[in-house]
Amino acid sequence: MLDAAIASADPAVRLPGCLPPPPKGRCLVVGAGKAAASMAAAVERAWPEADLSGCVAVPYGYGLDCRRIRVREAGHPVPDANSLAAAEEILATVTDLGPDDLVVALISGGGSATICLPAAGITLADKQVTNRLLLASGFDIRTMNAVRQKISAIKGGRLAAAAAPARVITFAISDIPGDEAEAIASGPTAPSGAEIDFDHVVEVLGPQLPEPVRELLASPARPVKADHVDPIQVIATAKGALAAAADVATEHGIKPIILGDAIEGEAREVAREMAQKALDHTGPCVLLSGGETTVTVGNDKAGRGGRNTEFLLALVVALAGRRGVWVLAADTDGEDGSNLGAAGAIAGPDTLERARQAGLDPAAALAGHDSGSLLASLGDLIVTGPTLTNVNDFRAILIMPHERG
């Protein structure tokens, strides 16, 4: 089911049918995110004779060789000097264009950090500190991306604004619960309409927030013009990934029950709620869900793990060894936080007992946000490598009644 979910969001499958006829004139391709290189490769294959050039930015390890479109790798989830260089090149690519030029923007989750161009008065170091604070805050992805838009010179539609008067068309792969196009990779080609309480954000992030960032978040928003920009086309979503997984379950005689494609909340709390749902079902069935949970680390020192392994371990503890229940939780991009390169993990009725026999303490691992280390010790991590797409989290809870005791 995980394989089917990832395959359903493959740009090589999803993008060609969405592209318009090849442009007759010059086409500049720009983009950012974990799927940007694979999307660029799909454009090159679909338009072999088109006059293509441009640049896309991806996190380290997500690059591909393209013939006409330059692929740059940069920092993620915290931007680095290569993120700054990539943003400068991409912005330069769309500067001084004419009305007959076409800009194709390829946007996916993970793009916000890879194109980092600080707003006036803010440094790269300020943005790095702010990103680290956001990642530990427990804020949902919309709030984090709204902050990133506000302190950026390229996000929040500013990339598209720089391309005027050229036509801009955007294809996006969504890692945002609810598939809000303007929030994907902080919306480089989508002027933000999000209403965020930045005063609350500043309060939560605390005194470590750089003063220039604090001042900019308190300033009025400046409108971004986008009359030349087509509506963003979202070509792959968590909903589609869950549907593909459900088809696999049905083929194997297992009833799929989709709990939702936009589930959010603290990973441990979501796990406890889903554990109860699992106990309420008799099966054979599989509970499928997507979205993006959060892990609030705060100022505490965290171990190794991500939101998916924290969800999975919390669910294992809540199930207390209940027979007949297996669970898989993974990020469809192939990378679950600081999780030793794993996409997530898988667990069964024996996981809790195996942990105890190995002298491991699941409760302590959860308290220290060290779920990845425990599951790695058990050999239960799922390692896919970069999948070159990203429709966020995938969770499956398989319930088989004949195994219950």
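Quick caveat, the model's predicted, so the values are computed rather than measured.

## A closer look at the sheet that holds strand β2 (residues 51-59)
Strand pairing in a sheet relies on backbone hydrogen bonds, with the paired strands running either antiparallel or parallel. As summarised here, the arrangement of the 6 strands in space is β3-β2-β1-β4-β5-β6, forming an open sheet in which the pairing is parallel. Each edge of the open sheet is held by one strand with a lone partner, namely β3 (70-74) and β6 (233-236). Averaged over all neighbouring strand pairs, the angle between strand axes comes to 15 degrees, with direction disregarded. Inspection of the sheet shows β2 paired to β3 by 5 bridges, in the parallel sense. Bridge pairing links Val 58 to Glu 73 in β3. Against the sheet, helix α3 (residues 36-46) touches β1 (26-32), β2, β3, β4 (102-108), β5 (167-173) and β6, its axis set at about 160 degrees to β2.

## Let's talk about the packing of helix α12 (residues 267-280) against helix α13 (residues 307-319)
Relative to each other, α12 and α13 sit at 45 degrees, their axes nearing to 8 Å. Here α12 lies oblique to α13, going by the angle between them. In the packing of α12 onto α13, the handedness of the crossing is right-handed. Here Ala 267, Arg 268, Val 270, Ala 271, Met 274, Ala 275, Ala 278 and Leu 279 of α12 come into contact with α13, specifically with Arg 307, Glu 310, Phe 311, Ala 314, Leu 315, Ala 318 and Leu 319. Counted by class, the contact of α12 with α13 contains 12 nonpolar, no polar and 3 charged residues.

## Here we look at the side chain of Thr 293
Structurally, Thr 293 can be placed in strand β8 (residues 285-294). With a relative accessible area of 2%, Thr 293 lands in the buried category. Thr 293 has contacts with Ile 263, Gly 265, Ala 267, Val 270, Arg 307, Asp 393 and Arg 395, leaving out every residue within four places of it along the chain.

## As for the pattern of salt bridges
On inspection of all chains with the given rule, the structure shows 16 salt bridges. Put simply, Glu 211 and Arg 214 hold a salt bridge, and the shortest N to O gap is 3.5 Å. Note that Glu 211 and Arg 214 are positioned in helix α10 (residues 211-217) at a spacing of 3 residues, about one turn of the helix. Where Asp 393 meets Arg 395, a salt bridge forms, and the shortest distance between an N and an O atom there is 3.8 Å. The pair Asp 393 / Arg 395 is uniform in exposure class, with both members buried. Put simply, Glu 292, Arg 307, Asp 331, Asp 393 and Arg 395 are held in one network by salt bridges that share partners.

## Thoughts on the nonpolar core
Of all hydrophobic cores here, the largest spans 49 residues; its most connected members are Leu 15, Val 104, Leu 106, Phe 171 and Phe 394. The biggest single contributor to this core is α3, with 7 residues. In this structure, Phe 171 is in contact with Leu 15, Cys 18, Leu 19, Pro 20, Met 39, Val 104, Ala 105, Leu 106, Ile 107, Gln 233 and Ile 235, ignoring residues within four places of it in sequence. Formed by 44 residues, the second largest nonpolar core is a distinct cluster that contains Ala 86, Ile 107, Val 147 and Leu 209.

What counts and how
Residues numbered from 1 in each chain as written. Predicted model: local features only at pLDDT ≥ 70, side-chain atom pairs only at ≥ 80, totals over all residues. Heavy atoms only, no water. Pairing = 2+ DSSP bridges. Helix = DSSP H or I, 4+ residues; strand = E, 2+ residues; numbered from the N terminus. Axes fitted to C-alpha atoms, helices over the stretch in contact; angles between N-to-C directions. Contact = heavy atoms within 4.5 Å. Parallel < 35°, antiparallel > 145°, perpendicular 65-115°, else oblique. Left-handed = near helix turned anticlockwise from the far one by under 90°. Nonpolar A, V, L, I, M, F, W, Y, C, P; charged D, E, K, R; others polar. Buried < 20%, exposed > 50% of the residue type's maximum accessible area, 1.4 Å probe, protein only. Salt bridge = Lys/Arg side-chain N within 4 Å of Asp/Glu carboxyl O. Core = buried A, V, L, I, M, F, W, Y, C linked by side-chain atoms within 4.5 Å.

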